[in-house]
Amino acid sequence: MSEETTSARTKYDGVAKTLHWIVALLMIVMLTAGWTLGDLPLDEKVQTLVIHSSLGLSVFILMFIRLYWRRKNPPPALPDHMPAWQVTASKFSHHGLYFFVILQPLLGLGQSMYADFDVRPYGAFNVNMGANETLYGIFHELHEINAMILIALVLLHLGAALYHHFVQKDTVLKRMLPYGKV
Ligand code: HEM
């Protein structure tokens, strides 16, 4: 999936926009509220993890729907005025976002499988397979480091969108906005 695979369209379709903003909202919630989990008393943590794991797995599923939709409906081309380094940076950061966002729920799942408490996505099933302190520790660290990488990428993404809108004054942000007129 790359920015070269673009269409003649000038803006994103409704499905791509909806998926983008649902995932964006979920990521903001997860990347802010997630840090409080460690401080909760055990019973409250297990209850909160029902919501955390459900939203996280939903992000995972939504990302594959996004990839499928993007393949069938290539994004509009980037503006001609962008220098080559910005096009490359944009490609890297978008690929990075897809990669690390998809990786995060997998690391959360790994952590939950070896925790000494239950994790029940959607309240439907328990992913815990029995406590293993070493594996729990490894996945816990990776889930935390990946969350920090994601925060950095999201901030970069946001900064780039604002730069396009307010400095370059092009349509890059507007074409992704729900009612953006391009
Ligand atoms: C978009 C997806 C996700 C994001 C952004 C996310 C984010 C976070 C963050 C920021 C933390 C706090 C890290 C720390 O304090 O060390 C955390 C903790 C945790 N997450 Fe996730 N998470 C996601 C998905 C999942 C999934 C799908 C699961 C389980 C199936 C999960 C299970 C956990 C567990 C067990 C903890 C640690 C609780 C503890 O402190 O013991 N996460 N997550």
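Quick look at the structure, then. (Residues numbered from 1 in each chain as written. Predicted model: local features only at pLDDT ≥ 70, side-chain atom pairs only at ≥ 80, totals over all residues. Heavy atoms only, no water.)

### Quick notes on the overall build of the protein chain
Move 1: A count of helices and strands for the protein chain gives four helices and zero strands.
Move 2: In the protein chain, the succession of helices and strands from N to C terminus is α-α-α-α.
Move 3: Residues counted as buried form 39% of the 182 residues belonging to the protein chain.
Move 4: A sequence separation of at least 24 residues applies to 75% of the contacts in the protein chain between residues at least 6 apart.
Move 5: In the structure as shown, the protein chain presents an accessible area of about 10,700 Å², 69% of it carried by carbon and sulfur atoms. (Helix = DSSP H or I, 4+ residues; strand = E, 2+ residues; numbered from the N terminus. Buried < 20%, exposed > 50% of the residue type's maximum accessible area, 1.4 Å probe, protein only. Contact = heavy atoms within 4.5 Å. Areas by Shrake-Rupley, 256 points an atom, 1.4 Å probe, with all protein chains shown as cover.)

### Considering the site of the ligand
Move 1: Neighbouring residues of the ligand: 26 residues in total, closest Lys45, His52, Ser112, Tyr136 and His143.
Move 2: Here an oxygen atom of the ligand sits 2.6 Å away from a polar atom, N or O, in the side chain of Tyr136.
Move 3: One of the side-chain nitrogen or oxygen atoms of Glu144 is found 3.2 Å away from an oxygen atom of the ligand.
Move 4: Put simply, the parts of the chain that give the shell around the ligand at least two residues each are α1 (14–33), α2 (42–72), α3 (84–113) and α4 (133–168).
Move 5: For the shell around the ligand, the leading source of residues is α2, giving seven residues.
Move 6: Its residues assigned to classes, the shell around the ligand shows 13 nonpolar, 11 polar and two charged. (Near = heavy atom within 4 Å. Polar contact = N/O pair within 3.5 Å; in protein donor to acceptor, adjacent residues only side chain to side chain. Nonpolar A, V, L, I, M, F, W, Y, C, P; charged D, E, K, R; others polar.)

### A word on the coordination of the iron atom of the ligand
Move 1: Looking at the iron atom of the ligand, the protein donor atoms are His52 (NE2) and His143 (NE2), and they sit 2.0 Å from it.
Move 2: Taken together, the six donor atoms surrounding the iron atom of the ligand define angles of 83 to 179 degrees at the centre, an arrangement classified as octahedral. Remark: His143 occurs in helix α4 and His52 occurs in helix α2; sequence separation between them is 91 residues. (Donors = N, O, S within 2.8 Å, 3.2 Å for Na, K, Ca; no water. Tetrahedral: all angles 85-135°; square planar, octahedral: opposite > 155°, others 65-115°.)

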